[in-house]
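Examination of the molecular architecture
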Amino acid sequence: MSGGGLCPEPALAQPADVRVLTLRVVAEEMYRARPGWEAELQRTVKTVSDIYERSFQIRFQIQDVMPWTIGPAVPLQTIMTRLHREMAVGAADVLVGFAAERCEGLHYGVAHLFGRVAMVQSGCLDTAILSHTGPEVVLSHEIAHLFGAFHPGPSGAGSVMRYGPADRFDSQNARIVRMMRARDFTTGVRGVDEAMRQAWSAIHAEGHASDEPNPLAGAIANAGAALAAEGKMPEAEALIREAAAVDPSAARVHSMLGLLLSGQAPAGGRERASCATCSGSTGARRAPTSGSG
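Figured I'd write up the structure that's included with this text. (Residues numbered from 1 in each chain as written. Predicted model: local features only at pLDDT ≥ 70, side-chain atom pairs only at ≥ 80, totals over all residues. Heavy atoms only, no water.)

1. A few points about the pairing of strand E4 (residues 94–100)
Along any regular strand, the residues point their side chains to alternate faces of the sheet. Counted residue by residue, E4 has 7 buried out of 7 residues, so it is predominantly covered. Side chains Val94, Val96, Phe98 and Ala100 project from E4 onto one buried face, and the interleaved Leu95, Gly97 and Ala99 project onto a second face that is buried too. Here strand E2 (residues 19–28) pairs with E4 via 5 bridges, running parallel. Looking across to E4, one finds that Leu23 is bridged to Val94. (Buried < 20%, exposed > 50% of the residue type's maximum accessible area, 1.4 Å probe, protein only. Helix = DSSP H or I, 4+ residues; strand = E, 2+ residues; numbered from the N terminus. Pairing = 2+ DSSP bridges.)

2. As for the pattern of salt bridges
The full count for this structure, using the stated rule, is 14 salt bridges. Notably, a salt bridge pairs Arg19 with Asp93, separated by 3.9 Å at the nearest N-O pair. Here Arg19, found in strand E2, pairs with Asp93, found in the loop between helix H3 (76–86) and E4; they are 74 residues apart in sequence, far enough to count as distant. In this pair, the class of Arg19 matches that of Asp93, namely buried. Where Asp64 meets Arg24, a salt bridge forms, and the shortest distance between an N and an O atom there is 2.7 Å. (Salt bridge = Lys/Arg side-chain N within 4 Å of Asp/Glu carboxyl O.)

3. A short note on unusual backbone geometry
Most peptide bonds take the trans configuration, and most residues that are not glycine carry a negative phi. Of note, Gln57 is a non-glycine position whose phi angle comes to about 60°, a positive value. As for its placement among the helices and strands, Gln57 is situated in the loop between helix H2 (37–56) and strand E3 (58–68). Here Gln57 falls in the buried class, since its relative accessible area comes to 17%. Of note, Glu101 is a non-glycine position whose phi angle comes to about 60°, a positive value. Tracing the backbone through its elements, the reader meets Glu101 in the loop between E4 and strand E5 (107–112).

What follows is the structure, given as structure tokens:
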């Protein structure tokens, strides 16, 4: 399939087996206060599971639904930090948080490229009236980020990764998800081998959102920062140097390398939650604004 264009249905031969993606779901208190929230949550996951099974032979399976209390007026950045810290993924492949009435600006969901945690927002004014911000669209968008999908350039406009419906994938990201469908989520970006990283980079080079740093470089750099925090400095340096090679223009990555070489442990970018100010490893589902991609 060529680099441009959209694919609401798969155009490539599908694998014979179905990959089951297990989800641990977390529902915070405002989401649980909504009438019929359990049925809504199950319906949202089932809808997106059906889309992924048709398109990629990936089926979602909820392992359990856990209650979580956030408290009032908590910023999205803090919510994501706490979700990582307070709620374990456990034996599931990924952890998905569902929240209501906590939208911040134009951001409706968050996930980290090749990560294991995603957040889906609902119950906000925009999510109630704009079709491209509904929970099915947000969940489809954020799960795609966990498989390595990125925000495409103008050729991907109208896809789920760029303000389109939940079942429409641009051809670049459809290839990414198919390529990564069998990956082991427990290994993070370090489990994506060199051949796949090169293939990902080649697809990304076909076109991508021009106002965002390279997300693969950010994910690799953040993995290096995590190793540095564990005192594994040689391994951390190798990863951060690799990130700099993936995106030589990434100022943040070079700053991290400088800190490491000066004997300081660089901080990763996990706490950044919105694409307006995101690190290279974060994706956020946003509504389009005038002049934005």
